[in-house]
Amino acid sequence: ETRVIRSWLADQHGALAPKMEEVERGPFLTWLFWRSNTLQPTLRMLFYQETYLDRTTEETLQDLCKAQKRSLVDLLTLIDH
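Keep in mind it's a predicted model, so treat the numbers as computed, not measured.

Draft legend 1. View of the nonpolar core. Counting residues in each nonpolar core, the largest one holds six residues, listed as W34, L39, L46, C65, L72 and L75. Broken down by secondary-structure element, the contributors of at least two residues to this core are α2 (25–47) and α3 (58–80). Discounting chain neighbours no more than four positions away, the residues touching L75 are W34, T38, L39 and T42.

Draft legend 2. Quick look at α2. Between its terminal C-alpha atoms α2 stretches 31 Å, which fits the 33 Å expected from 23 residues at 1.5 Å a residue. The largest bend along α2 reaches roughly 40° and is located at R35. Restricting attention to buried positions, one finds in α2 the residues R25, L32, W34, S36, L39, T42 and L46. Of the surrounding secondary structure, the elements contacted by the buried residues of α2 are α1 (2–13) and α3.

Draft legend 3. Seen up close, the environment of M45. Within the element layout of this structure, M45 appears in helix α2. Relative accessible area serves as the criterion here: at 24%, M45 is assigned to the partly exposed category. In this structure, the C-alpha to C-alpha distance between M45 and K69, residues 24 residues apart in sequence, is 9.8 Å. In this structure, M45 is in contact with Y52, L64 and Q68, ignoring residues within four places of it in sequence.

Draft legend 4. Representation of a nonpolar patch on the surface in the model. A grouping of W31, L76, L78 and I79 is seen on the molecular surface, where their side chains present a nonpolar patch of about 380 Å² in accessible area. Per element, the largest residue contribution to the nonpolar patch is three residues, and it comes from α3. On the secondary structure map, L76 appears in helix α3. Owing to a relative accessible area of 43%, L76 belongs among the partly exposed residues under this scheme.

Draft legend 5. Broad picture of the side chain of S7. Position of S7 among the secondary structure elements: in helix α1. Among all residues touching S7, those that are not within four sequence positions of it are R25, L29 and L32.

Draft legend 6. Examining the side chain of Q68 more closely. Mapping Q68 onto the fold places it in helix α3. Look at Q68 and you get buried, because its relative accessible area is 9%. Non-local contacts of Q68, meaning those with residues more than four positions away in its chain, are made with T42, M45 and L46.

Draft legend 7. Region of interest: the packing of α1 against α2. With their axes 10 Å apart at the nearest point, α1 and α2 run at an angle of 140° to one another. Crossing of α1 over α2 shows right-handed handedness. Contacts between α1 and α2 involve T2, R3, R6, S7, A10 and D11 on the former and, on the latter, R25, F28, L29, L32, F33, R35, S36, N37 and Q40. Here the contact of α1 with α2 is built from residues that sort into five nonpolar, five polar and five charged.

About the criteria used
- Residues numbered from 1 in each chain as written.
- Predicted model: local features only at pLDDT ≥ 70, side-chain atom pairs only at ≥ 80, totals over all residues.
- Heavy atoms only, no water.
- Core = buried A, V, L, I, M, F, W, Y, C linked by side-chain atoms within 4.5 Å.
- Buried < 20%, exposed > 50% of the residue type's maximum accessible area, 1.4 Å probe, protein only.
- Helix = DSSP H or I, 4+ residues; strand = E, 2+ residues; numbered from the N terminus.
- Contact = heavy atoms within 4.5 Å.
- Expected span 1.5 Å × (residues − 1).
- Bend = angle between axes of the 7 residues up to and from the residue.
- Patch = residues over 30% accessible without salt bridge, like charges linked within 9 Å, V, L, I, M, F, W, Y side chains within 5 Å.
- Areas by Shrake-Rupley, 256 points an atom, 1.4 Å probe, with all protein chains shown as cover.
- Salt bridge = Lys/Arg side-chain N within 4 Å of Asp/Glu carboxyl O.
- Axes fitted to C-alpha atoms, helices over the stretch in contact; angles between N-to-C directions.
- Left-handed = near helix turned anticlockwise from the far one by under 90°.
- Nonpolar A, V, L, I, M, F, W, Y, C, P; charged D, E, K, R; others polar.

Here is the structure:
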């Protein structure tokens, strides 16, 4: 839903995304969907770790947080390249 809403809003605005007939539209949609499918879930798990674990101890929360931070660094490095 988020991807479709963002795409629709960008199209309605007229200047936030490449138009349908522009060649840049494909890469724009690729990154828009990547953000929603890959980056956003990683951030959500980083900020709401306890919702992803059956048993929460301080150690398991810290382990999940460390893992998500490593994933986030990898994802942001991908964007940077």
